[in-house]
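Chain by chain, the residues:
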Amino acid sequence: MAALHAGGSTSASGDGEAPPPPTAGRRRGGWITTPFIIASVAGLTLAAGGWMNNLIVFLIQEFNIKSINAAQISTVVFGCSNFFPVLAAILADSFLGCFSVIWISSLISLLGLILLVLTVTVDGLRPPDCETGSSFCANPSRIQYAILFAALALVSMGLGGTRFTLTTIGANQFNRLKHQTTYFNLYFFTLYFSSFISATGIVYVEDNLSWVWGYGICIAGNMMGLAMFLAGSRFYYRDKPQGSPFMSLARVVVACIRKRNAGVSSESANYYYGDADGVKGAGEEAPTKSFRILNRAALKTEGDVLPNGSISKPWKLCTVQQVEDLKSLIRILPLWSSSILLSTPIGIQGSLTVLQALTTNRHLSHHFQIPAGSMTVFTLISTAVSLTLFDHFLWPMWKRVAGKNPTSLQQIGVGHVFNITSMAVSAIVESKRRAAATSHHLQGGLMSILWLVPQMIGVAYYLSTAVVDFVRRVTEWLPDDIDDGRVDNVYWLLVVIGVFNFGYYLVCSWLYKYKNVHHQSVSES
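Residues numbered from 1 in each chain as written. Predicted model: local features only at pLDDT ≥ 70, side-chain atom pairs only at ≥ 80, totals over all residues. Heavy atoms only, no water.

## Here we look at the packing of helix α4 (residues 67-96) against helix α5 (residues 98-121)
Part 1 of the argument: Where α4 meets α5, the axes come as close as 8 Å, and the angle between the chain directions of the two elements is 135°. Between α4 and α5, the crossing angle belongs to the class labelled oblique. Taken as a pair, α4 and α5 cross one another with a handedness that is right-handed. Of α5, the residues touching α4 (which contributes Ala88, Leu91, Ala92 and Leu96) are Cys98, Ser100, Val101 and Ile104. (Axes fitted to C-alpha atoms, helices over the stretch in contact; angles between N-to-C directions. Helix = DSSP H or I, 4+ residues; strand = E, 2+ residues; numbered from the N terminus. Parallel < 35°, antiparallel > 145°, perpendicular 65-115°, else oblique. Left-handed = near helix turned anticlockwise from the far one by under 90°. Contact = heavy atoms within 4.5 Å.)

Written out as C-alpha cells, the structure is:
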C-alpha cells in the first residue's frame, strides 16, 4: 500500500535511494516541503475531528435520532473512515499517486462539510426541533436522511483518502531514514495536537455557540489544509504509481486458478523467479512446500515467458516471491483475525461512552461543563501516558524478570489483557452510574463524568455494529434511554468475548511461531 512505500524506499543502511535529479533547475523534495504538508495535516485534522468527535450528539440533537441508533450510525461512519484508507492506498499505488489522491480527497471532504453546514442552516434539510415539554420528536424524512448520509459518506471518504497518504508523501520527500524519522515525529505531534484542539475547542463551540459556527470552523480548516497542500505542489517529489501489493496478491490467486489442472513440480528450475533468464538465482529460494497449491502460480508453462525473460501474461504467471508473499499473509491471517474481536469491544465502548457522558454530571464549575464529544481527549492523554509507562516501566521490568525483551506477540498479548481489564472497569463504572441515576431519579444523575476517564476506545466498528444490534434484538439491555437499560451487562458480555478471544490469540500465536520455526528448519535443510 501507499503507506508501505514510505518505509520501503530506505535501504538497510538507512540512506535509501536519493530523490530524482533536479527538475527544471530545482531539486524536488526535502525540508522545503514539510511546512506545506504539516500545515495540511493540521487543517485537515482539525476539520475531521470537529465533525467526528461530536457526531453522536449532532445526530441526537439536530436529527432527533434515538441514542442507540445514533451510536450505531456513528460506528458505521467510523468504520468507513478506517476502511477507505485501503482504497485510497490502492488508487495511489496503482493509478493516481499520493498527490492526486490527497487533493481530490480533501476536496471531497470539503463538499461533505458544506452539506453538513447546510443541514443545520436550512430548516427543510433536518426535522423540526422537539416540542418543549413533550417527548414527541419528528423523525427525519427520507430526503433528509439521504442528504445526511451523503454528507457523512463524503467526509468519511475524504478523511480516509488523506489519513495515511499524507504520511507517505511527507516521508517520501527524504532520502535518509534519520530525516524520515524526524518528519514522522513532527507529523504525529501535529496530528495529536490538532486532534486535541478539535476535540476541545471546536466541540465546545458546537455545544455552546452553534453547529453552524462549529462546522464553519471545520470548513475553514479543510480549505486551509487543501490550499497549503496545493501551494507546495511545485516542491514535492512525486512517486510514480508502481502497482499495489493487493494487485500482486490477486495475480497469484488468478494465476493459480488458471493453472488448476497443472501438476506441482518438485524441480526448482520449473518455476519463475523474475530474473532476466527466468531461472533460479544464487540468492533466491525455491518455492516452499506449505500451501503447495499456490506454487502453480509461479510454474512456467509454454508461452508464459518471453524470449527476454519477462512475463507474457501477468495474470497467468507470477514470481516465486509473489507466491511466498501470499503464503506469508495466509500464515498471519489467524493472528490478524484475533485483532478484530480485540477491537470490537473498544468500538462499542467508544460509542456508549458518549451516551454515558450525556447522562452524567459534566460540570467542572457552575459555568463550564465538559462536552460529551470531548471524551476522546482523555483517550489521547491515556494513550500518551500508557506508551510512556510501557516503554519506561513495564517492558524494562519484563526484561529484568524474564532476562530478555518481550517479543511483539507477547506485547500484543499484554494489550489483550489490558483490553479485557478496560471492559471490566467499564462494567463497574456503568453500574455505579446507573445506580446514581436511578437513586436520584435524574436523567443526569450525580455521578461525575470523570468516572468515565479510565475507559479507552478503538476501531473494528463494523462488527461492533452487528454485536450491538444482536444485543438489542435478544435482550432489553440497550433501550433508547440507557438509564432504563443494563449497559453494564453489555460490558460484562464484552469481557467474556475478550477472554475467549485472548485464548484464541494464544493458540494462533503459538501456531504462528511453530510454523515459522518449522518453515525455517525446512528451508535450512
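The rest of the description comes next.
## Some details on the side chain of Glu62
Part 1 of the argument: As for its placement among the helices and strands, Glu62 is situated in helix α3 (residues 55-63).
Part 2 of the argument: A distance of 3.5 Å separates polar atoms of two side chains, one belonging to Glu62 and the other to Arg126.
Part 3 of the argument: In this structure Glu62 touches Val120, Arg126, Pro127 and Trp211, once residues within four positions along its chain are discounted. (Polar contact = N/O pair within 3.5 Å; in protein donor to acceptor, adjacent residues only side chain to side chain.)

## Quick word on the pattern of salt bridges
Part 1 of the argument: Under the definition given, this model contains 3 salt bridges.
Part 2 of the argument: Here Arg126 ties to Glu62 by a salt bridge, and the two come within 3.5 Å at their closest N and O atoms. With Arg126 in the loop between α5 and α6 (142-163) and Glu62 in helix α3, this residue pair connects regions lying 64 residues apart in the sequence.
Part 3 of the argument: Asp123 serves as the salt-bridge partner of Arg126, at 3.4 Å between the closest nitrogen and oxygen.
Part 4 of the argument: The class for Arg126 is buried, based on a relative accessible area of 14%.
Part 5 of the argument: On the accessibility criterion, Asp123 (58% relative accessible area) is exposed.
Part 6 of the argument: Residues joined in a network through salt bridges with shared partners are Glu62, Asp123 and Arg126. (Salt bridge = Lys/Arg side-chain N within 4 Å of Asp/Glu carboxyl O. Buried < 20%, exposed > 50% of the residue type's maximum accessible area, 1.4 Å probe, protein only.)

## A look at the confidence of the model for the protein
Part 1 of the argument: The share of residues in the protein with pLDDT of 70 or more is 74%, and the mean pLDDT across the chain is 75.
Part 2 of the argument: Within the protein, the element-level pLDDT minimum falls on helix α1 (residues 2-8), averaging 42, and the maximum on helix α9 (residues 211-231), averaging 94.
Part 3 of the argument: In this model, residues 457-462 is a region of pLDDT below 50 whose contacts with residues beyond four sequence positions or in other chains number 24 contacts. (pLDDT = per-residue confidence, 0-100.)

## Observations concerning empty space enclosed by the protein
Part 1 of the argument: Inspection of every chain in the model, using the stated rule, returns 2 cavities of 30 Å³ or more.
Part 2 of the argument: Counted as a void, the largest cavity has a volume near 70 Å³.
Part 3 of the argument: Every residue along the wall of the largest cavity is listed here: Leu44, Ala47, Ala48, Trp51, Ser109, Leu113, Val155, Gly158, Leu159, Thr162 and Asn222.
Part 4 of the argument: Of all the secondary structure elements, the ones that give two or more residues to the lining of the largest cavity are α2 (34-52), α5 and α6. (1 Å grid on protein atoms, 1.4 Å probe; cavity = no way out; pocket = protein on both sides within 12 Å on 5 of 7 lines; lining within 4 Å. Points joined across faces, edges and corners; volume = space filled by probe spheres on them.)

## Digging into the environment of Gly303
Part 1 of the argument: Residue placement: Gly303 occurs in the loop between α10 (245-258) and α11 (320-358).
Part 2 of the argument: With relative accessibility at 48%, the residue Gly303 sits in the partly exposed group.
Part 3 of the argument: Taking the C-alpha atoms as reference points, Gly303 and Lys313, 10 residues apart in sequence, are found 8.6 Å from one another.

## Some details on the packing of aromatic side chains
Part 1 of the argument: Summed over the entire model, instances satisfying the criterion amount to 15 aromatic pairs.
Part 2 of the argument: Their ring planes at 10° and their centres at 6.0 Å tell us that Phe189 and Phe193 sit as a pair that is stacked. With Phe189 and Phe193 both in helix α8 (residues 177-208), this residue pair falls 4 residues apart, about one helical turn.
Part 3 of the argument: With a relative accessible area of 56%, Phe189 lands in the exposed category.
Part 4 of the argument: Taken together, Trp31, Phe174, Tyr183, Phe184, Tyr187 and Phe188 form an aromatic cluster joined through their ring pairs.
Part 5 of the argument: In this arrangement the basic side chain of Arg238 is found over the ring face of Phe99, its NZ or CZ atom lying 3.9 Å from the centre. (Phe/Tyr/Trp six-rings, centres within 6.5 Å; stacked < 30°, edge-to-face > 60°. Lys NZ or Arg CZ within 6 Å of the ring centre and 35° of its normal.)

## Remarks on α8
Part 1 of the argument: The end-to-end C-alpha distance of α8, which contains 32 residues, comes to 46 Å, matching closely the 46 Å that a straight helix rising 1.5 Å per residue would cover.
Part 2 of the argument: Of all the bends found along α8, the most pronounced is centred on Ser198 and spans about 30°.
Part 3 of the argument: The set of residues buried in α8 consists of Gln180, Tyr183, Tyr187, Thr190, Ser194, Ser195, Ser198, Ala199, Ile202, Val203, Val205 and Glu206. (Expected span 1.5 Å × (residues − 1). Bend = angle between axes of the 7 residues up to and from the residue.)

## Observations regarding the nonpolar core
Part 1 of the argument: Residues Trp51, Leu55, Phe58, Leu59, Leu113, Leu116 and Tyr215 are the most contacted members of the largest nonpolar core, which totals 42 residues.
Part 2 of the argument: Among the secondary structure elements, those contributing two or more residues to this core are α2, α3, α4, α5, α6, α9 and α11.
Part 3 of the argument: The residues touching Tyr215, leaving out its near neighbours within four places in the chain, are Gly50, Trp51, Phe58, Leu116, Val117, Val120 and Glu206. (Core = buried A, V, L, I, M, F, W, Y, C linked by side-chain atoms within 4.5 Å.)

## Structural notes on a nonpolar patch on the surface
Part 1 of the argument: A cluster of nonpolar side chains, contributed by Leu91, Phe95, Leu96, Trp103, Ile104, Leu107, Leu111, Ile114, Leu118, Val122 and Leu230, occupies part of the molecular surface with about 900 Å² of accessible area.
Part 2 of the argument: Listed by contribution, the elements that provide at least two residues to the nonpolar patch are α4 and α5.
Part 3 of the argument: Among the elements that take part in the nonpolar patch, α5 stands out by supplying 6 residues, more than any other.
Part 4 of the argument: Here Val122 is to be found in the loop between α5 and α6.
Part 5 of the argument: For Val122, a relative accessible area of 37% puts it in the partly exposed group. (Patch = residues over 30% accessible without salt bridge, like charges linked within 9 Å, V, L, I, M, F, W, Y side chains within 5 Å. Areas by Shrake-Rupley, 256 points an atom, 1.4 Å probe, with all protein chains shown as cover.)

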